[in-house]
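If you want the building blocks of each chain, they are given just below.
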Amino acid sequence: MSLHTDPVLSNREIAAAGHDNLRGLDDWREMDPKQQPTYLDSAALDEVLTDLRNSPPLVFAGEADVLKQRIAAASRGEAFVLAGGDCAESFDGAQADKIRARVQTVLQMAAVLTYGGSMPVVKIGRMAGQFAKPRSADMETRDGVTLPSFRGDIVNGYEFTEESRRHDPERLLKAYHISASTLNLIRAFTQGGFADLRFVHDWNRGFLASNPGYQRYEQTAAEIDRAIRFMDACGADFDALKTTEFYAAHEALLLEYERALTRIDSRTGEAYDVSGHFLWIGERTREIDGAHVDFLSKVRNPIGVKLGPTATADDALALAEKLDPDAEPGRLTFVTRMGASQIGESLPALLAGIGDRLPHVTWVCDPMHGNTITSNTGYKTRRFEDVMAEVEGFFNAHRDAGTIPGGLHIELTGDDVTEIMGGATEIDDEGLRRRYETLVDPRLNHDQSLEMAFQVAEYLTRRQ
């Protein structure tokens, strides 16, 4: 994540300019947007949105443009995208140690993938904005009591009480401030020497040394050390190793929040959503004539769209035409989430239907959301083996189609939780009880994340 601060116009300057690129940014309001909160106090909402419109940007348009270039390289097979972080960030989880652990985990996975795959890794965190989650039902009933469903800390609270579950617009402002402090910490970590590749061993401090993933990672770190010492002896300049780019991403679900944080870039006169570098549209909200697709078609960030097993080639082509009419490399990423049992059939059919018509689009695998099950003990979980089966199916489908598998999009944490069954640590049904902490979807723990990275590095080696 770069630290330059390209200027953005103030709301007053925007209003005075009457710029053409402001036109259409509010069309979504007439499209019956899905998955939006229901605020009972419209005056309180207006006050919060005014505060957000007058607040500084969380990220900068120039940073988003650089990320677009990096993702474009992944579409050509010259880089690999790694997007990882919480399923849904919580306000309580915005602690320095927890943020550092998540960043560490992504950095470690990236080191394994870079070394094993011999290519740059584009590092993106599901951080500093991933507070909202779509839900299958508006209401939840427990013991005869019906209350609004939990939609993430940016909307309401997890505690099952009337006050907690109320949709509170003040949470939008709190999410903004927590995102700002999270980004500040991430910038400090990635620009202040913490991410220096010469200290790859230090990234394991604080993790359990008994974990198989720890031991395997230490072996890779030792090999990286030897390679760096060799290059040092040859007189190489290691300034590039001291820092790293790290970008922030989230699902652009709450359109009032995203619209309030949209600015006109003074360099280009284009609209950018400055709530995050990379924004995506979920499987539930990707209708071609829907509000979310319309809004994101009018901002210049790199964007993604989740595609489930029912997505057709016609769906993908229509989305590409709407969201990326200029066929700009790096602008559009398709994130497939098919499920281990369906990817072998659904993704090849999708790729075959598209053919060679979208060479500029980057393809990324989300192996998490299509593999959710309920354990015998009642926990919402996933099997690590299913997650990896979908990753393997993703690589196989692209190999057979002659297209590029461009990256991974996963839910992970740096904590030693027990939310996903299987893996080298062999978390079983009963083991889920030990540290099941997620409020929404189960996440890979640190060791499972590293185990995934080593397997994917092997797939990348075969791809070359």
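Basis of the calculations
- Sequence order as written defines residue numbering, which begins from 1 separately in each chain.
- Owing to the predicted nature of the model, reporting of local features is limited to residues with pLDDT of at least 70; listing and counting of side-chain atom pairs is limited to 80 or more, with chain, interface and lining totals taken over all residues.
- To obtain the side-chain values, all non-hydrogen atoms of the structure were included, while hydrogens and water were left out.
- UniProt positions are given in the numbering used here, feature names are shortened, and annotations may be inferred rather than shown by experiment.
- Each helix is a run of H or I in the DSSP string that is no shorter than four residues. Each strand is a run of E no shorter than two, and both are numbered from the N terminus.
- Classification of residues uses two cut-offs on accessible area relative to the type maximum, computed with a 1.4 Å probe and protein chains only: under 20% is buried, over 50% is exposed, and between them is partly exposed.
- In this analysis, two residues are considered to be in contact whenever any of their non-hydrogen atoms come within 4.5 Å of each other.
- Note that accessible areas follow from Shrake-Rupley with a 1.4 Å probe, and for residues the cover is restricted to the protein chains shown.
- Points on a 1 Å grid, built from protein atoms alone, make a cavity when a 1.4 Å probe fits but cannot get out and make a pocket when they are open with protein on both sides within 12 Å along at least 5 of 7 lines; residues with an atom within 4 Å of a point are the lining residues.
- Grouping buried Ala, Val, Leu, Ile, Met, Phe, Trp, Tyr and Cys residues that are joined through side-chain atoms within 4.5 Å yields what is termed a nonpolar core.
- The term polar contact refers here to a pair of N or O atoms within 3.5 Å; inside protein, the definition further demands a hydrogen-donor-capable atom paired with an acceptor-capable atom, and it admits residues adjacent in sequence only when both atoms are side-chain atoms.
- In this context, the arc is that of the directions from the helix axis out to the C-beta atoms.
- With axes taken as lines fitted to C-alpha atoms, and helix axes fitted only over the stretch in contact, angles between N-to-C directions fall between 0 and 180 degrees.
- Angles are sorted into four bins: roughly parallel if under 35 degrees, roughly antiparallel if over 145, roughly perpendicular if 65 to 115, and oblique for all others.
- Each crossing gets its hand from how the near helix is turned against the far one by less than a right angle, where anticlockwise is left-handed and clockwise is right-handed.
- Side-chain classes are defined by residue name, with Ala, Val, Leu, Ile, Met, Phe, Trp, Tyr, Cys and Pro counting as nonpolar, Asp, Glu, Lys and Arg as charged, and the others, Gly among them, as polar.
- Grid points are joined across faces, edges and corners, and a volume is the space filled by probe spheres set on the points.

- Named according to an unreviewed UniProt entry, the protein is Phospho-2-dehydro-3-deoxyheptonate aldolase originating from Brevibacterium epidermidis.
- On record in UniProt, under Pathway (unreviewed entry), the comment for the protein is "Metabolic intermediate biosynthesis; chorismate biosynthesis; chorismate from D-erythrose 4-phosphate and phosphoenolpyruvate: step 1/7."

**Thoughts on the overall build of the protein**
Here's step 1: Broken down by element type, the protein carries 12 helices and 14 strands.
Here's step 2: Across the 464 residues in the protein, those meeting the buried criterion constitute 57%.
Here's step 3: Pairs at least 24 residues apart make up 76% of the contacts formed inside the protein by residues separated by at least 6 positions.
Here's step 4: Of the accessible surface of the protein, which amounts to about 18800 Å², a share of 48% is contributed by carbon and sulfur atoms.

**A few points about the UniProt feature "binding site: phosphoenolpyruvate" (unreviewed entry) in the protein**
Here's step 1: As recorded in UniProt, the sites labelled "binding site: phosphoenolpyruvate" (unreviewed entry) are Arg126, Glu283, Arg284, Lys306 and Arg337. Residues from the named set that contribute to the lining of the second largest pocket are Arg126, Glu283, Arg284, Lys306 and Arg337.
Here's step 2: Locating lysine 306 in the fold gives a position in strand E9 (residues 303–307).
Here's step 3: In this view, lysine 306 contacts Trp280, Ile281, Gly282, Glu283, Arg286, Val335, Arg337, Asp366, His369 and His409; residues no more than four positions away in its chain are not counted.
Here's step 4: Structurally, arginine 337 is set in the loop between strand E10 (332–336) and helix H10 (343–354).
Here's step 5: Sequence-distant contacts of arginine 337, that is, excluding residues within four places in its chain, are made with Glu283, Lys306, Leu307, Gly308, Pro309, Asp366, His369 and Glu390.

**A word on the nonpolar core**
If you look at soluble globular proteins, the nonpolar side chains tend to sit buried side by side.
Here's step 1: In this structure, Phe334, Met452 and Val456 are the most contacted members of the largest nonpolar core, which totals 71 residues.
Here's step 2: In terms of residue count, the dominant contributor to this core is helix H4 (residues 96–117) (eight residues).
Here's step 3: Residues contacting methionine 452, with those up to four places away along its chain left out, are Met109, Pro367, Phe384, Val387, Met388, Val391, Leu408, Ile410 and Leu444.
Here's step 4: Residues Ala61, Leu183, Leu254 and Tyr272 belong to the second largest nonpolar core, which totals 29 residues.

**Here we look at the environment of glutamine 95**
Here's step 1: As for its position among the elements, glutamine 95 is in the loop between strand E1 (80–85) and H4.
Here's step 2: Sequence separation between glutamine 95 and threonine 182 is 87 residues, and the spatial gap between their C-alpha atoms is 8.5 Å.
Here's step 3: Polar contacts involving the side chain of glutamine 95 include one to the main-chain carbonyl oxygen of aspartate 92, which spans 2.8 Å.

**Structural notes on helix H9 (residues 313–323)**
Here's step 1: Within H9 the residues assigned to the buried category are Ala313, Ala316, Leu317, Leu319, Ala320 and Leu323. Angularly, the buried residues of H9 cover 160° about the axis, an arc narrow enough to put them on a single face. Opposite the buried face of H9, by more than 90 degrees, sit the exposed residues Asp314 and Glu321.
Here's step 2: In this structure, the buried residues of H9 make contact with strand E8 (278–281), helix H8 (291–296), E9, E10 and H10.

**What to know about the packing of helix H2 (residues 42–53) against helix H5 (residues 170–191)**
Here's step 1: At a minimum axis distance of 8 Å, the contact between H2 and H5 shows a crossing angle of 20°. It follows from the interaxial angle that H2 and H5 lie roughly parallel. In this structure, the crossing between H2 and H5 has a hand that is left-handed. Along the contact surface, H2 presents Leu45, Val48, Leu49, Asp51 and Leu52, while H5 presents Glu170, Leu172, Leu173 and Tyr176.
Here's step 2: Of the residues contributing to the contact of H2 with H5, the split by class is seven nonpolar, no polar and two charged.

**Details of empty space enclosed by the protein**
Here's step 1: Within the structure shown, the criterion is met by three cavities of 30 Å³ or more.
Here's step 2: What the largest cavity holds in volume is close to 80 Å³.
Here's step 3: In this structure, the largest cavity is lined by Ile71, Val81, Ala83, Ile124, Ala249, Phe278, Thr333, Val335, Thr362, Val364, Leu408 and His409.
Here's step 4: Of all the secondary structure elements, the ones that give two or more residues to the lining of the largest cavity are E1, E10, strand E11 (362–365) and strand E14 (405–411).
Here's step 5: Residues of the lining of the largest cavity, tallied by class, amount to nine nonpolar, three polar and no charged.

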